[in-house]
Every structure is written in C-alpha cells, then in structure tokens.
Amino acid sequence: MFRQAAWNEPIIFTLGRAGRRGHIPPEVEETVKKAVGDVYGLIPENMRRRNPPRLPELSEPEVVRHFVRLSEMNYGVDSGLYPLGSCTMKYNPKINEELAGSPKLGMVHPYQDERTVQGILEILYRLERWLAEITGMAEVCLQPAAGAHGEFLGALLIRAYHKHRGELDQRKDMLIPDSAHGTNPASAAMAGFNVVVIPSDRDGCVDVEALKAAVSEKTAGLMLTNPNTLGIFEKNIEEIAKIVHEAGGLLYYDGANLNPILCKVRPGDMGFDIVHINIHKTFSTPHGGGGPGAGPVGVKEELAKFLPVPRIVFDGERYRLDYNRPYSIGKIRSFYGNVAVLLKAYAYILSLGFEGLREVAEVSVLNANYIMHKLKNVDGLALPYDEKTPRKHECVFSAKPLKAKTGVSALNVAKRLLDYGVHAPTMYFPLIVEEALMIEPTETFEKEELDRFVEAVREICREAQTNPEKVLKAPYNTAVQRLDEVKASHPQTMALSWRMYLKKHATTKP
Amino acid sequence: MHEIDIKSIDELYADIPAKYFLKKPLALPEGLSELGVKKHVEALLSKNKTCLDMPVFLGAGCWPHYVPAVVREIVQRSEFLTAYTPYQAEISQGMLQALFEYQSMICELTAMDVANCSMYDWASALGEAARMASRITRRNEILIPKIIHPERKATLHVYVEPAGINVKEVEYNRETGQISLNDLESKISKETAAVYVENPSYLGFIETHVDEISQITHAHDALFIVGVDPISLGILKPPGEYGADIVVGEGEPLGNSMNYGGPLLGIFACRDDQNMIRQMPGRIIGLTTTVDGGKHGFCMALQTREQHIRREKATSNICSNEALCAVAAAVYLALLGPNGLRELGETIMCKANYAMRLLSKIEGLKVPVFKAPHFKEFTVNFDGAGLKVREAHEALLQKGIHGGKNVSEEFPELGETALYCVTEIHTEAEIRRLAEALEEIVSAGGRKSYV
C-alpha cells in the first residue's frame, strides 16, 4: 500500500537559530573595500534598510534537509501514474535535464553580442521551424512563457489583424465552446473581447447550427481545442472553419491537446490560423510543480508580421535577432522566451524524430481508449457521449450515478485514488459533464500501470457501495488528510504569508 | 489492441476526415540515440560564449549572480520537478509549503503582506499590476518613469491597451536621473490609477524621493506600484516601508540562472487589504488546517479569482507560472538569511562602485551619467572620448571582454551611453581588466579603427 512521507515539517521560519547561515557570498578584495569604503555612506539615510528582513537563519544541511523532506511530501510523474486530464503528464527524459543544466546555456546573457550566442540561436531557430512543420504553420514565436500566455498572444494577434483591417471596433465577439479550458475565455477577455459561448451538441462537439447562429460581422474569431476536452475529435472542423472564415473571423487552436495528433494531422491543414503549443505537455518538459513551461505560438503567413519582436532570422551564415518589424504588436515579456525549457523540447524532438513522435500520438490514444474500455462497465461510472466514438488522448467519465447511489462524489473518488499512490484525474472539468473525471494516461505508462489504475477505480466504486464513509473521508495515506480549503480563503482565517499568519494567530505555531 | 478489439491503431483515428492525414513525412530530424542527442546539443551549445569564458558586464533585467550548489540540487528533486500544479493538496504538501515559504520570504523582503507564487517575469507582472490597479480604482491611467526598461515598457503597453488604460511618462531630472516631482504633480489627476517607480531604476541609480512620490500618489487616491531588484533589499529600504501598495520585480537573481533570458521569475506582492487581495492575479498558496482541525497544511487559496473557476471574469488568465523558479528563490533566501543577503548587497554595491570609480578616472568617459547613488548598474558615457558605444564594445570584445548594454538609442538625450552591471561574480582583476581595456581603447582614440 502507498504511504507518503508525513514529516510534519515545521514552517521554515521556526527552524534554525539566530546567527546561523547556509551560504557565504564571495568576499570583497581588500583593495576594493579600501577604495570604496563604507557602502552605507553611499546610500542616502532614508533609503537604507533599517529592519533586516525576517528571513530564516539556517545552516546549509538544515536547508537541504528541510527541502528534501518537503520534496518527499510531493508527488510527480517520477513517483507514479499521473492521469491528470488535459495536462499531458508524460515522463520527462533525464538527458534533457542534463543538457538544459549546461553552463553553456545557464551562464549566457540575453543581450550578448549575437556572434557569441550562435549556438543557442541556432537551436531556437531550428525549434521554430520544427514546431511550424508539426503544426502546419508558417512561422512560430517562442516567447510565451506558458500556454495561457500563448493564448493571450494569440488573442492579441487576432486583435492586431482586425485592427489592421480597420474592423476592430466592430469585431468584439470571441466565440468559445462550452467545453473549452478556462484559460480560453480568460485570455480572450484580457485581450478585450466579449466571450460568446457556443454549446456542444449531442456528440460532444461544437454545435454547428448554434455556431452558424452566433457568427456575424461582430465575430473576431473562434478558440477551439481539437481533440476537445472530452477527448473527441471535432469531426466537423472543415465546416466550422468555413463558417468562421466566411464571417471574417480567425480560427484559434488551443494546443493543450496536441499530443494525440502529433505527426498524424496538423491544425494548419484543418484551417486554423493561430495555434499555441504547450511545450510542457506535448514536448515532455517537466511542469515543475506549476512551471516554468513554454507556450510558443504559430501563425499562418498573413499574421506573421504581427508577431512580437525580436524574430530570429538566418541569413545563410549567421543567426540574428531582428527588431525591425513595423507591424509587430511589441512585447509580451522580456527577452526571447523560456529558453532553458525550449532547449529540452529541442532535445525531445531530436531524440524521437518524425516516426517517434507519431508513435507517441498513437500510443497515447491507444492508452486512453484502453482506459475507457476498461472503465465503462464499472458500476457507478457513466460514460457520457457515444462510446463508439474513439477517444483521443483522454476520456471523461461521470461519477453522477455513484453519487446518486452512495453520496460518494467525483471529488471523493479522486481523493481516495491518492491512497493508492495514483494522482487523481482532473475533476469537475469539462463543465458540461456533471461529476466529471477526466483521465489522460499519456503514452508513457505501461499496461500494468494502467491496469493498476483501473483496478483502483473499480475498488473505490465498490467501496463506495459497501463503506461510503471510508471513501468520503479519504485520503488517509498522504502527508495530510483532507484540508479545509474554505478556511484558506475566508477573510477571517486566510493566511497567505507567514507574517499574515502571525498577525492572525499570535498564539499557535505550526 | 486485442482487449479493446481493434486490429489497427488506425481504427482509433477513423473519425478524423481522411483528407487531413499527412501524405508524407514532415521535415523533422531522424530520431537519435541518447548519446547522439547529447553530442548534437553539446556541439551547438559549445558555440556559445559565456560569462565563464569572458567577463560580461551586462545586466538590464537579467543579471549574472552566483547560484549555490544546494539550489540546483533541490530544484532537481524529481518530486518537485515532475509534479503539476498542486491541485490535489493532500499529495502535494511539499510543493505547497515550499511555495508558501517563498511567498512569505518575498513578503519579508519587500515588507508587504501578501505575495503570489509567481508571475512569468517582471515585465508581465508590471502589466498585471497596472490592470489590477485600474480594476481597484476604476481609473484608466498609469504614470511611469521615463527611465524604464524599454522591454518592460513595451510589455506594459501591450498588457494594458486592450483594457483601455493609458500610459503616461513622467520626466526625470537631467542631473540626477530622479523622477521630476514637479512633472509628477502636473500629470497626476483623478484619472490616475497608479504611479509606478523602479528601485533601483533601469539605469542603476537609486530613486531617493520615494517618500514624496508615495505622498503625492496617495494624496490623489492612486495606488503606488514599485518595481524592485530583490537582491538589493538586504541593504535598501523595502518598498513596503515607503508606502507601496503593489510590488513587482524580477526574481531571477535569487538562485536562478540567466539561461539566455528565461525562465525568469515575476515577483508580485501587495498589502493585506481584502479589496486588493481579491483583485490579485495568479496562484496564491494559503496556510490552513485539516478538516478536523488537527494538523496544519497548505492549499491553493482564493481560487475563485482564477480562470479555471471564473473563466472570462477571472482577474487574469495565468495558469502555469514559474513555480520551480520560486522554489529556487526560497532555497536561495533560506541559505543566505538576513545576514547573507545584507553582506551580498554590500559586496555587490562595493564592487559596482569600485568599477565606477576606476572607469570614471578614464579621460573622456563620464561614469556615471547621473549624480546619484548606484547599486549594481551604472551608465558609462563615451561622448567625451569621441567614441560610439558600438565601436568601444567591438574593441572590448576583441580583447575578450563583453561590455554593457548600449542604451544610446533608447535614450538619445544621453548621447553615446552604455549600461554596465557588476555583481559579486566579478573579481577585482576582471574589473581592472575592463578599466585597462577601456583606457587603451579610449586613448587609441577617436573613431578610426573600430567599426
């Protein structure tokens, strides 16, 4: 049985002792010290720090032990199955970490003379070309730091396109299916668009009639995920593209679900004008507990002139950064992108090649359909939408029957799964499925692991009928039991930093 | 395949219209072995020259600092590295606690109450801060200093334009670089959502009139946003002590490598004010207890602000952030502690001012351009030497030294000027080498040889 470490590790501020330290900064040479004198003499009185920051004071071994213990109370892809739907939690090859850790990258400054950074520019330039090829786009920009950042850029490009054509004032509607990721409407709103929700039809796909009714001269574009968040391919994509384009809108591809179609079909060939890619999903770079990732954006030819500066160009001899782009929207961040992350994606593509990437897609789809097949007869779970339609990278079940019968919800199933040493699926998403459990096994877990997962779900559903109390109070084997999330967000009790905690609870110290 | 009763994988793709399937392989590389990949990538990377190959005096938003070995060891722990966002709190306590500790340390450093667990970088954090200030004040103008990093300014414009927020620039004093209080007074109005300053400023000097700026800002019921280089806060007054409402900054110096400019670490903090907290962008980790109240624990707090719940009404679209860089910063700050950070601040300021002194002795150079205290960056003007920055830097490069950032086009009124950066990684010998090289270049003189 799985048992996670439960160290009861104190908060770091209560560890250590005054005067201790874990690192000594480099010394200042005597001549330098003498020449400059007291640096505080250089700082005007009102700008000197009077109260030292109340940082912890620990020795180096104390710091190491503290954070190693914390890491032991965490769960990653290397720990076991992580079927978190839409997040594509695949194995992260170790060689890529080794390469990205090179000082030949780490110690390179972004403003160095181009002649001294030809190696990294070549890597980034080639990666752009490969990603353009994979998505069927003309050009790719590597700058966005995450998928949502890429979406924001995509929405800004749609804005720039309509502005350029003098239609921005009129085109304010961004159409978004009700099954879309939450980032889509949020990104569109950030870029100044009104969100118009398009319902899904009985097949779980965009309702084409509803789409026809929604498009107008106000349409800026449609943001679509394909395969969608049900794992179902939008088979009417050709008609959808036609409807949006004829209305004068652009078609945006949310690349969160690119994995199952890698090197099989391409968004560009389906009529999409803009795509973002989640490097930390499809291209195997680790998620780091929330980031850093990278969210490159690809565009068709007519949108390329709007991309952020600088663009990496190659004159046949040397790679250069080109800032001379009069139509560029400008910048969405500093410098050129999450380069250390992008380098790992470069190594990933290089190691797999075209055939390898195609196999990635196929095995991820096979695994998802295997899970669907194995779970569809589990008592308590329902499979919404036609079971004859093959799913792509993920499948979505509903725990509604189980809840009706036993009171055990999707949340409880998810929490109980943790006791089996399996990360929970995505819960309560997509919103169009009640009590949703969204399962994405990816290509990097073997049949034995998938079977273990299926067996765990089956057992939990059985337990829900025989001993629902047990499931309702799960998890038991994790570092802590169920946490009070309401308390964490309530104005009276919220403690969002140690100083805020001390202010509110002067007496008890965890 | 047998279990799910298919003969070929193609059956699982049968619902996709046939016309979309690739007819021929894409122009992608052939797959390589692990050793093949290693050799290939290392061969490319070896074409880069690094700060280890030559002294580099560049800063401007990404700075060379030493990263202690412990930091990399911890962030490479695969339980941290290969985890997703801690949606399932009970199995992700380690990451949640590490991020809570990061948030708490940023609060101590900046003297603010609440910090989120990261933004993409300083520039995007500034964009989000401006939008947040506009939402809180229901006003649509932000005042920024004229001396600001051009990439931060460009990012700010792109972030606020769709929200209908205008950006106005406040003049600076030509002698000192300091924000002109008169110009600020004349530009601030009932439309002003926020006033933004940077400390140290983009051009390296310390903005000293912050108390007055804070006063003027608050007298107009606007919010005061301050951008910081956190590594200065061991010795410089934290923005929370001069009235900042929102603090943003670049956390890259805290235990993260430069990596050719990314990933970076956007710092974002504000005061303990419910109205502000509810408008914050990004993930925030909170300290709570188990449901039975028996044990403490951590979870994501205030998720109702976020995109996965609020969708188009969210405070921001941010989802993935720079969490692991934040963990690196927490480990770094824990290693240094208050004394280490103060000493490091002293070391950096001492070395940078030493470099300023040496360079200012070179006839023809004006170092620094502004009469003001400088922390780790400073300006070098070449007008008196009759040299273009480009020429001087080309000559430096030939001597195996990389000069600072050319800012002549960004601030034409400052003439031929470059922004130099000196940190704890630069040795006295390297600084001397720079001074000697510049002296030679200047005395070789004029515009003759270096183009």
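On to the overall build of chain B, then. When helices and strands are tallied, chain B shows 13 helices and twelve strands. Dimensions of chain B along its principal axes, counting C-alpha atoms only, are 85 × 60 × 50 Å. Counting only residues that meet the buried cut, chain B has 64% of its 451 residues in that class.

What follows concerns the overall build of chain A. Helix and strand content of chain A: 17 helices and twelve strands. Its C-alpha atoms give chain A a radius of gyration of 26 Å, near enough to 24 Å, the size a compact globule of 510 residues would have. For chain A, the C-alpha atoms occupy an extent of roughly 80 × 65 × 45 Å along the three principal directions. Out of the 510 residues in chain A, the part that is buried amounts to 60%. For chain A, long-range pairs separated by at least 24 residues make up 72% of all intrachain contacts whose partners lie at least 6 apart in sequence.

Our focus in this paragraph is the sheet that holds strand 12 (residues 417–421) of chain B. Residue and element names in this part refer to chain B. What the three strands build is an open sheet, ordered 10-12-11; its pairing is antiparallel. Of all the strands in the sheet, just strand 10 (377–381) and strand 11 (405–406) have a single pairing partner and so form its edges. In terms of strand pairing, strand 11 meets strand 12 through two bridges, oriented antiparallel. Within strand 12, the position partnered with Lys-405 by the bridge is Leu-419.

The subject of this paragraph is the packing of helix 4 (residues 93–110) of chain B against helix 11 (residues 323–360) of chain B. Residues and elements named next belong to chain B. Put simply, helix 4 and helix 11 touch, their axes get as near as 9 Å, and they point 65° apart. Note on packing geometry: the crossing formed by helix 4 with helix 11 is left-handed. Listed contacts from helix 11 to Ala-98, Leu-99, Glu-101, Tyr-102 and Met-105 of helix 4 are Ala-323, Ala-326, Val-327, Ala-329, Ala-330 and Leu-333. Residues that form the contact of helix 4 with helix 11 fall into these classes: ten nonpolar, no polar and one charged.

Quick look at the sheet that holds strand 11 (residues 426–427) of chain A now. Pairing between the strands of a sheet is mediated by backbone hydrogen bonds and can be parallel or antiparallel. Residue and element names in this part refer to chain A. Sheet architecture is open: three strands sit in the order 10-12-11, paired in antiparallel fashion. Only two strands of the sheet have a single partner each, and these edge strands are strand 10 (395–398) and strand 11. Relative to strand 12 (residues 436–439), helix 13 (residues 410–418) is tilted by about 40°, and along the sheet it contacts strand 11 and strand 12.

This next bit is on the domain arrangement of chain B. Residues and elements named next belong to chain B. Segmentation of chain B into domains returns domain 1 (69–332) and domain 2 (338–444). A separation of 29 Å is found between the C-alpha centroids of domain 1 and domain 2. Of the residues that constitute the side of domain 1 that touches domain 2, the class distribution is seven nonpolar, six polar and one charged.

All names here are of chain A. For helix 9 (residues 237–246), every residue scored as buried is listed here: Ile-237, Ile-240, Ile-243 and Val-244. The arc that holds every buried residue of helix 9, seen down its axis, measures 125°, which confines them to one face. Where helix 9 terminates, the next one or two residues include Gly-248, which has phi positive at roughly 90°.

Further remarks concern the interface of chain B and chain A. Contact with chain B, which involves 165 residues of that partner, is made by 169 residues of chain A. Of all the elements, helix 11 of chain B adds the most residues to the side of chain B that touches chain A, at 24 residues. Of the residues assigned to the side of chain B that touches chain A, the class counts are 87 nonpolar, 45 polar and 33 charged.

The next subject is unusual backbone geometry. Residue and element names in this part refer to chain A. Of note, the amide linkage connecting Asn-226 to Pro-227 takes the cis form, showing an omega dihedral of 0°. Looking at the element boundaries, Pro-227 is found in the loop between strand 4 (219–225) and helix 9. At Ser-86, a residue that is not glycine, the phi angle is positive and equals roughly 70°. Assignment of secondary structure puts Ser-86 in the loop between helix 2 (60–72) and helix 3 (94–100). Residue class for Ser-86 comes out buried when judged on the 24 C-beta atoms lying within 10 Å of it.

Regular strands place their side chains on alternate faces of the sheet. Residue and element names in this part refer to chain B. Note: strand 2 (residues 141–145) against strand 3 (residues 166–170), five bridges, orientation parallel. In the sheet register, Glu-141 faces strand 3, and the bridge partner there is Asn-166. In this fold, the crossover linking strand 2 to strand 3 by way of helix 6 (residues 150–160) has right-handed handedness.

Residue and element names in this part refer to chain A. Here Leu-357 shows up in helix 11 (residues 339–375). A C-alpha to C-alpha distance of 59 Å links Leu-357 and Val-36, two positions 321 residues apart in sequence. Residues in contact with Leu-357, not counting those within four places in the same chain, are Leu-262, Cys-263 and Leu-352.

All names here are of chain B. Orientation of helix 11 relative to helix 13 (residues 428–444), taken along the N-to-C sense of each, is 20°, at an axis distance of 10 Å. With respect to helix 13, the element helix 11 is oriented roughly parallel. Two packed elements cross with a definite hand, and for helix 11 against helix 13 that hand is right-handed. Taken together, the residues of helix 13 that come into contact with helix 11 (itself represented by Lys-351, Tyr-354, Ala-355, Leu-358 and Leu-359) are Ile-431, Arg-432, Ala-435 and Leu-438. Classifying every residue of the contact of helix 11 with helix 13 gives seven nonpolar, no polar and two charged.

What follows covers the pairing of strand 12 of chain B. Residues and elements named next belong to chain B. Within strand 12, five of the five residues are buried, leaving the element largely enclosed by the surrounding structure. Neither face of strand 12 is exposed, since Thr-417, Leu-419 and Cys-421 on one face and Ala-418 and Tyr-420 on the opposite face are all buried. Across five bridges, the pairing between strand 10 and strand 12 is antiparallel. Bridged to Val-380 within strand 12 is Ala-418.

Residue and element names in this part refer to chain B. Along its 18 residues, helix 4 runs 25 Å from first to last C-alpha, staying within 8% of the 26 Å computed at 1.5 Å per residue. Across the 18 residues of helix 4, 18 count as buried, placing the element largely inside the fold. A positive phi of about 60° marks Ala-111, the residue just after helix 4.

What follows covers the nonpolar core. Ranked by internal contacts, the top residues of the largest apolar core, which has 339 residues, are Leu-157 and Leu-342 of chain A together with Leu-99, Val-327 and Val-331 of chain B. Counting residues per element, this core draws most heavily on helix 11 of chain B, which supplies 25 residues. Here this core spans two domains, since at least three of its residues come from each of domain 1 (69–332) and domain 2 (338–444) of chain B. Ignoring any residue separated from it by four or fewer positions in sequence, one finds Leu-157 of chain A in contact with Ile-274, Val-299, Leu-303, Phe-306 and Ile-329 of chain A.

So, on to the environment of Asn-228 of chain A. Within the secondary structure, Asn-228 of chain A sits in the loop between strand 4 and helix 9. Beyond its immediate sequence surroundings of up to four residues, Asn-228 of chain A is in contact with Ser-179, Gly-204, Cys-205 and Glu-234 of chain A.

Before going further, it helps to examine the environment of Ala-220 of chain A. Residues and elements named next belong to chain A. Here Ala-220 lies in strand 4. Residue Ala-220 is classed as buried on the basis of its C-beta count, with 30 C-beta atoms lying within 10 Å. Sequence-wise, Ala-220 and Thr-478 are 258 residues apart; in three dimensions their C-alpha atoms are separated by 47 Å. Not counting the four nearest positions on each side in its chain, Ala-220 is found in contact with Ile-158, His-162, Arg-171, Lys-172, Asp-173, Met-174, Phe-193 and Gly-249.

Moving on, we get to the confidence of the model for chain B. Summary statistics for chain B give a mean pLDDT of 96 and a share of 99% for residues scoring 70 or more. For this predicted complex, the interface score ipTM comes out at 0.97, while the overall pTM is 0.97.

About the criteria used
Counting from 1, residues in each chain are numbered in the order their sequence is written. Each chain takes a letter, starting from A, and each ligand takes a number, starting from 1, following the order in which they are written. In keeping with the model being predicted, local features are shown solely for residues with a pLDDT of at least 70 and side-chain atom pairs are shown and tallied solely at 80 or more, while totals for entire chains, interfaces and linings include all residues. Elements are defined by DSSP. Helices are runs of H or I of four residues or more, strands are runs of E of two residues or more, and each kind is numbered from the N terminus. The burial criterion counts other C-beta atoms lying within 10 Å of a residue's C-beta, which is placed from the backbone; the residue is buried at 20 or more, exposed at 12 or fewer, and partly exposed between these limits. Using C-alpha atoms as the atom set, the radius of gyration is obtained and then compared with a globule rule of 2.2 Å times the number of residues to the power 0.38. Whether two residues are in contact is decided by their C-beta atoms, placed from the backbone, lying within 7 Å. Should DSSP find at least two bridges between two strands, the strands are taken to pair. Only the stretch in contact is used when a helix axis is fitted, and all axes are lines through C-alpha atoms; the angle between N-to-C directions ranges over 0 to 180 degrees. Crossing chirality is assigned from the near helix's rotation relative to the far helix, an anticlockwise turn below a right angle marking it left-handed and a clockwise turn marking it right-handed. We call Asp, Glu, Lys and Arg charged. Ala, Val, Leu, Ile, Met, Phe, Trp, Tyr, Cys and Pro are nonpolar, and the rest, Gly among them, are polar. All the domain ranges listed were derived from an automatic or database domain assignment. Think of the arc as the fan of directions from the helix axis to the C-beta atoms. Seen with its strands pointing away from the viewer, a crossover is right-handed if its path from the first strand over the helix to the second goes clockwise. Angular relationships are summarised with four words: roughly parallel below 35 degrees, roughly antiparallel beyond 145, roughly perpendicular across 65 to 115, and oblique for the angles in between. The span one expects for a helix is its residue count, reduced by one, times 1.5 Å. Think of a nonpolar core as buried Ala, Val, Leu, Ile, Met, Phe, Trp, Tyr and Cys residues, each tied to the set through C-beta atoms within 7 Å. Each residue carries a pLDDT score, the predictor's own confidence in it, on a scale running from 0 to 100.

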